[in-house]
Amino acid sequence: MSDVIVQVVDSHTGGEPTRIIIAGGPDLGSGPLSERLLVLRERHDEYRSAVINEPRGSDVLVGGLLCEPYDRSCDVGIIFFNNAGYLHMCGHGTIGLMSTLYWLGRVRPGVTRVETPVGIVEAELLDANRVRLRNVPSWRYRTGVSVTLSDGEEVCGDIAWGGNWFYLVSRHGRELQLRDWQNLSAYALEIRAGLERAGITGAGGGEIDHIELFGPAASGNADSRNFVMCPGGAYDRSPCGTGTSAKLACLAADGRLPAGAIWRQESIVGSVFEGSWELAGELESAAALGLLGVGEVATGPVVVPTITGSAWVTGESRLILQESDPFCHGIRSI
């Protein structure tokens, strides 16, 4: 890769940063987004590392490459990634994408169809910052799954799909406070390691790369608080869009939240997403399950979550990638 200028716009959604590449990214062809993701991973992964990793980025940052959509019914396409690799879908990132596009003058308030590698989502821009996201179909795969940690502690949780695979734990005995983020991070990583040792996966062998802990909300305007460990070892500052979607699928499966009712999910830093769900149609369900290469594996209804949150643009940059720079492609710690 010779010297390259990459144009990006940074934003944060509920405290969680997103960096969207708007120009200067690699040519991935014109195939489906799932194929283009593979091209990016296999042939151009240095772009991901250069944009996300130090010295230009950090472990907390989530990136997105803006693409022309393959599906002609869509307005834009997006491929998300972080320091560990590539994300199937990113809820906070899509909310950040919409505020970014509004900042650039490319969208106006209304519905934008966004193509992702795991399906089409609809993002309704309510104003410059607030976005209502209709996510990909979500469902609970297994419930009451036990895992043993290295110290012998037994943890029990649910496995659910919300655009990524999650292991959701409510009974853990930990207080979810930001000041304790290091201990919570270590605990969540221990859970993930325990899942790996036991060979516990999502449907079709999908890697469970997100761990989500729940506890009582710290404020009176939320139903619960969460702590979400992301694949690269950083915790989510936002309530996590795909994680909230997985939670909604579990609530629907347990009959704890009626269709259309609002669930307010608070993050570890105090930001809040509003979520609700509706039943997915038969064709929508079949397409979602088929895309993952699995059959009828839900232990509850396949639902379509709607997540509402806010994002703010924080900067515009021209990243300079000089081939002579020994850290041109980023410092890879994973």
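Residues numbered from 1 in each chain as written. Predicted model: local features only at pLDDT ≥ 70, side-chain atom pairs only at ≥ 80, totals over all residues. Heavy atoms only, no water.

1. What to know about the side chain of S138
Condition: Starting at the N terminus, helices and strands are each numbered in turn, a helix being any DSSP run of H or I of at least four residues and a strand any DSSP run of E of at least two. Definition of a polar contact: a pair of N or O atoms within 3.5 Å, with one able to donate and the other able to accept a hydrogen when the atoms are protein atoms, and with sequence-neighbouring residues admitted only if both atoms are side-chain atoms. Note on definitions: a residue-residue contact is assigned when non-hydrogen atoms from the two residues lie within 4.5 Å.
Following the sequence through the fold, S138 ends up in the loop between β8 (130–134) and β9 (139–148). At 3.1 Å, the side chain of S138 and the backbone oxygen of V136 are in polar contact. Apart from residues lying up to four places away in sequence, S138 is in contact with W161, G162, S245, A249, P301, V302, V303 and P305.

2. Digging into the pairing of β8
Using the following cut-off: Working definition: with a 1.4 Å probe on protein chains only, accessible area under 20% of the residue-type maximum means buried, over 50% means exposed, and in between means partly exposed. Two strands are counted as paired when DSSP detects at least two bridges linking them.
Here β8 shows one buried face, formed by V131 and L133, and one open face, formed by R130, R132 and R134. By the bridge criterion, four bridges tie strand β7 (residues 119–125) to β8 in an arrangement that is antiparallel. Bridge pairing in β8 places E122 opposite R134. Linkage of β7 to β8, two consecutive antiparallel strands, is achieved through a turn of four residues. Inspection of the sheet shows β8 paired to strand β16 (residues 303–321) by five bridges, in the antiparallel sense. Bridging across to β16, L133 finds its partner in I307.

3. Quick word on a nonpolar patch on the surface
This is how it is decided: Patches in this entry comprise residues that are over 30% relatively accessible and not in a salt bridge; like charges within 9 Å are linked, as are nonpolar side chains (Val, Leu, Ile, Met, Phe, Trp, Tyr) within 5 Å. We get accessible surface area from the Shrake-Rupley algorithm with a probe of 1.4 Å; when it comes to residues, only the shown protein chains can shield them. Basic side-chain nitrogens of Lys or Arg form a salt bridge, by our definition, when they fall within 4 Å of a carboxyl oxygen of Asp or Glu.
A surface patch of nonpolar side chains, about 230 Å² in accessible area, is lined by L178, W181 and V269. On the secondary structure map, V269 appears in the loop between β14 (263–266) and β15 (272–279). Here V269 falls in the partly exposed class, since its relative accessible area comes to 36%.

4. What about the pairing of strand β12 (residues 210–215)?
The cut-off we apply is this: Crossover handedness is defined by viewing with both strands directed away from the observer: a clockwise path from the first strand over the helix to the second marks the crossover as right-handed.
Along β12, six of the six residues are buried, which leaves the element largely enclosed by surrounding structure. Of the two faces of β12, both are covered, the one formed by H210, E212 and F214 as well as the one formed by I211, L213 and G215. In terms of strand pairing, strand β11 (residues 165–169) meets β12 through four bridges, oriented parallel. Bridge assignment links L168 to a residue of β12, and that residue is E212. Regarding the hand of the β-α-β motif, the stretch spanning β11, helix α4 (residues 181–198) and β12 is right-handed. For β12 and strand β13 (residues 224–229), the ladder comprises five bridges, and the chain directions are antiparallel. Each bridged residue has a counterpart across the sheet, and for L213 the counterpart in β13 is F227.

5. Focus: helix α2 (residues 45–52)
Since one α-helical turn is 3.6 residues long, residues separated by three or four positions face the same way. Burial analysis of α2 places eight of its eight residues in the buried class, the great majority of the element. Among all positions of α2, only D45, E46, Y47, R48, S49, A50, V51 and I52 are buried.

6. Quick look at the pattern of salt bridges
The final tally for this structure, using the stated rule, is 13 salt bridges. Its salt-bridge partner being D45, residue R48 comes within 2.8 Å of it at the nearest N-O pair. Of the two residues, R48 and D45 both sit in helix α2, three residues apart, roughly one turn of that helix. One exposure class covers both R48 and D45, and it is buried. Of the charged contacts in the structure, one is a salt bridge between E274 and R264, with a shortest N-O distance of 3.6 Å. Placement of E274 in strand β15 and of R264 in strand β14 is noted, with a sequence separation of ten residues between them. You can call R264 partly exposed: its relative accessible area is 32%.

7. Quick notes on helix α5 (residues 241–254)
Operational definition: Expected helix span is given by 1.5 Å per residue-to-residue step, counting one fewer step than there are residues.
Between its first and last C-alpha atoms α5 spans 20 Å; for 14 residues at 1.5 Å apiece the expected length is 20 Å, and the two agree. Of all 14 residues that make up α5, twelve are buried, and the element is covered over most of its length. Regarding α5, the residues found buried are G241, T242, G243, T244, S245, A246, K247, L248, A249, C250, L251 and A252. Looking one or two residues beyond α5, the residue adopting positive phi is G255, at roughly 70 degrees.

8. Digging into the packing of aromatic side chains
Cut-off, in case you're wondering: Stacked, tilted and edge-to-face pairs are distinguished by plane angle, under 30 degrees for stacked and over 60 for edge-to-face with tilted covering the rest, among Phe, Tyr and Trp rings (Trp via its six-membered ring) whose centres lie within 6.5 Å.
Within the structure shown, the criterion is met by seven aromatic pairs. On the basis of an interplanar angle of 65 degrees and a centroid distance of 6.2 Å, the ring pair of F81 and Y86 is categorised as edge-to-face. Y86 sits in the buried class, given a relative accessible area of 12%.

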